[in-house]
Amino acid sequence: MAFTLSDEHEAIRDAVHEFGENEIKPIAEEHDREGKYPEDLRRKAAEYDFVAPSIPLEYGGAGMDKIASTIVTEELWRADPGIGSAIGSAGFGSSMIMEFGDEWMKEEWLPKIADGEIASVSMISEPAHGSNVAGIETVAEKDGDEYVANGNKMWITNGTVADIGVLMAKTSPGEGHKGITAFLVEMDWDGITTDKIDNKLGIRASDLAEVVIDDVRIPEENVIGEVDKGFYQLMEFFAAGRANVAAQAVGAAQGALDAAIEYANQREQFDQKIKEFQAIQHKIAEMATKVEAARSLTYRAATQVERENQDIAAQYSSMAKLFASEISVEVADEGIQVHGGSGYVTDYPAERYYRDARITKIYEGTSEIQKNIIADQIF
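Predicted model only: the values in this text are computed from it and were never measured. (Residues numbered from 1 in each chain as written. Predicted model: local features only at pLDDT ≥ 70, side-chain atom pairs only at ≥ 80, totals over all residues. Heavy atoms only, no water.)

## Digging into the overall build of the protein
Scanning the protein from terminus to terminus reveals eleven helices and ten strands. A compact globule built from 379 residues would reach a C-alpha radius of gyration of about 21 Å, and the protein, at 21 Å, matches this within 12%. C-alpha atoms of the protein, sized along the principal axes, occupy 80 × 45 × 40 Å. By the burial criterion, 53% of the 379 residues in the protein qualify as buried. Pairs at least 24 residues apart make up 75% of the contacts formed inside the protein by residues separated by at least 6 positions. Here the protein has roughly 16800 Å² of accessible surface; of this, 46% comes from carbon and sulfur atoms. When the 35 positive and 69 negative side-chain charges of the protein are each reduced to one mean point, those points stand 6 Å apart. (Helix = DSSP H or I, 4+ residues; strand = E, 2+ residues; numbered from the N terminus. Rg over C-alpha atoms; globule rule 2.2 N^0.38 Å. Buried < 20%, exposed > 50% of the residue type's maximum accessible area, 1.4 Å probe, protein only. Contact = heavy atoms within 4.5 Å. Areas by Shrake-Rupley, 256 points an atom, 1.4 Å probe, with all protein chains shown as cover. Lys, Arg positive; Asp, Glu negative; His and termini not counted. Charge placed at Lys NZ, Arg CZ, Asp CG, Glu CD.)

## Remarks on unusual backbone geometry
We note that Trp155 has phi near 60 degrees; this positive angle belongs to a residue other than glycine. Examined against the element boundaries, Trp155 turns out to sit in strand β3 (residues 146–157). Despite not being glycine, Glu364 shows a phi value in the positive range, around 60 degrees. On the secondary structure map, Glu364 appears in the loop between α10 (350–357) and α11 (367–378). Judged by its relative accessible area of 33%, Glu364 falls in the partly exposed class.

## Examining helix α2 (residues 39–47)
Among all positions of α2, only Leu41, Arg42, Ala45 and Ala46 are buried. The arc that holds every buried residue of α2, seen down its axis, measures 150 degrees, which confines them to one face. Exposed residues on α2 whose side chains face more than 90 degrees from its buried face are Asp40 and Glu47. In the core, the buried residues of α2 are packed alongside α1 (7–34), α4 (81–88) and α6 (103–114). Phi turns positive, to about 70 degrees, at Asp49, one or two residues after α2. (Arc of directions from axis to C-beta.)

## Examining a nonpolar patch on the surface
The grouping of Tyr344, Val345 and Tyr348 at the surface amounts to a nonpolar patch, some 330 Å² of accessible area in total. Within the fold, Val345 resides in the loop between α9 (310–339) and α10. (Patch = residues over 30% accessible without salt bridge, like charges linked within 9 Å, V, L, I, M, F, W, Y side chains within 5 Å. Salt bridge = Lys/Arg side-chain N within 4 Å of Asp/Glu carboxyl O.)

## Notes on the UniProt feature "domain: Acyl-CoA dehydrogenase/oxidase N-terminal" (unreviewed entry) in the protein
Under the UniProt annotation, "domain: Acyl-CoA dehydrogenase/oxidase N-terminal" (unreviewed entry) lies at residues 6–117. Helix makes up 70% of residues 6–117 and strand 0%, and the two end C-alpha atoms of the span are 31 Å apart. (UniProt positions renumbered as here; feature names shortened; annotations may be inferred.)

## Digging into the side chain of Thr181
Turning to its location among the elements, Thr181 is positioned in strand β5 (residues 180–186). We classify Thr181 as buried; its relative accessible area is 0%. A distance of 2.5 Å separates the side chain of Thr181 from the side chain of Thr171, its partner in a polar contact. At 2.7 Å, the side chain of Thr181 forms a polar contact with the backbone nitrogen of Asp228. If we skip the residues at most four places from it in the chain, Thr181 touches Leu167, Met168, Ala169, Thr171, Val223, Glu226, Val227, Asp228 and Gly230. (Polar contact = N/O pair within 3.5 Å; in protein donor to acceptor, adjacent residues only side chain to side chain.)

## Some words on the UniProt feature "domain: Acyl-CoA dehydrogenase/oxidase C-terminal" (unreviewed entry) in the protein
On the UniProt side, "domain: Acyl-CoA dehydrogenase/oxidase C-terminal" (unreviewed entry) is annotated at positions that read residues 228–378 here. Taken as a whole, residues 228–378 contains 77% helix and 3% strand, while its terminal C-alpha atoms sit 30 Å from one another.

## Focus on the packing of helix α3 (residues 66–79) against helix α7 (residues 230–266)
Two numbers describe a pair of packed helices, the interaxial angle and the distance between the axes. At a minimum axis separation of 7 Å, α3 and α7 run at an interaxial angle of 40 degrees. One finds that α3 runs oblique with respect to α7. By crossing handedness, the relation of α3 to α7 is classed as right-handed. Where α3 approaches α7, its residues Lys66, Thr70, Thr73, Glu74, Trp77 and Arg78 are matched on the opposing element by Ala240, Ala243, Asn244, Ala247, Gln248, Val250, Gly251, Ala252, Gln254, Gly255 and Asp258. Its residues assigned to classes, the contact of α3 with α7 comprises six nonpolar, seven polar and four charged. (Axes fitted to C-alpha atoms, helices over the stretch in contact; angles between N-to-C directions. Parallel < 35°, antiparallel > 145°, perpendicular 65-115°, else oblique. Left-handed = near helix turned anticlockwise from the far one by under 90°. Nonpolar A, V, L, I, M, F, W, Y, C, P; charged D, E, K, R; others polar.)

## Some details on the nonpolar core
Core analysis: the largest hydrophobic core is formed by 53 residues, its most contacted members being Ile87, Met96, Met168 and Ile224. With six residues, α3 is the largest single contributor of residues to this core. Discounting residues that sit within four places of it in the chain, Met168 has contacts with Met96, Met123, Ile124, Ile136, Thr138, Lys153, Ile180, Thr181, Ala182, Gly230, Phe231 and Leu234. (Core = buried A, V, L, I, M, F, W, Y, C linked by side-chain atoms within 4.5 Å.)

## Considerations on the packing of helix α8 (residues 278–307) against α9
Contact pair α8 / α9: the axes reach a minimum separation of 8 Å and the direction vectors enclose 160 degrees. When the axes of α8 and α9 are compared, the pair comes out roughly antiparallel. With respect to the hand of their crossing, α8 and α9 are arranged in left-handed fashion. Within the contact of α8 with α9, the residues separate by chemical class into 19 nonpolar, five polar and five charged.

Right, dumping it as structure tokens:
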């Protein structure tokens, strides 16, 4: 399928790329080293509509289509995956609010997310349940005009920095995936405690936490969508989420490729720049080909998500996530090889891209889960 970006899409890419070069790259190493969340930069990115860019205009967002949002994600991760993740994840849960939330939720919270005033969080995974969403054990029991929630959420992006969150909990525990409900919660409510996870391999500038839910009282009006329909609501966003991770992987791979090309243009051995050696040229050629193939598949997946053909979107998004994440790690690994010994130290960004790319094979469904999904679609 031929694919050509519009002039508007190319302009968005140029704008995000410039932001990455000028604002993200100069501080990337520091934020990675210190595990420092870039709150000020998140607010600055929001001024350019790079935070939750798909939020509609009427709620203070940019109303970007899926291709544009994909480009934003890709370029943020190209500059630095850790900071790119922190900026890009600030709108976690906003899609659930946009699609299924009551009007008061949209009016109160979406503008604050879009302008960078607050960050949001989506609380799904648990210590014993990652890819198996239907198996979550967090429970919300009805008590008058409130629900009382108890449980433990794990690997939660933005857990300690978010102001609001979407909490997935069982309201009919004996019904499996048919008994899950989505709730809008404020992270400073009594009973919600967070514990930051610091010992991450990569994307260290992105906040990650364990969240404990202990007798948290949630007003009935804070149900997002319908009671016991949360799983089905969530499924509508998995294709978009996986296409987004594919974009992250493409961005990390492109960043690793950029770093390798820059180094090859500078480093000299045997009285010539290493870019003159055929072995290096072949590595760069293979890396560039893999990145472009992953990008093409990712854009195709994003197009299917935009068309809202759920079955096709699910298949292509899983294909894109699987392929792009695997390629991202391969390209980042070769980027280190191009750098030689310099690629093994933090003086150069090559090792950071390698560490950061690895997460894309795990979250939003592991590579193994993506293969299951693809096979189910085929057979």
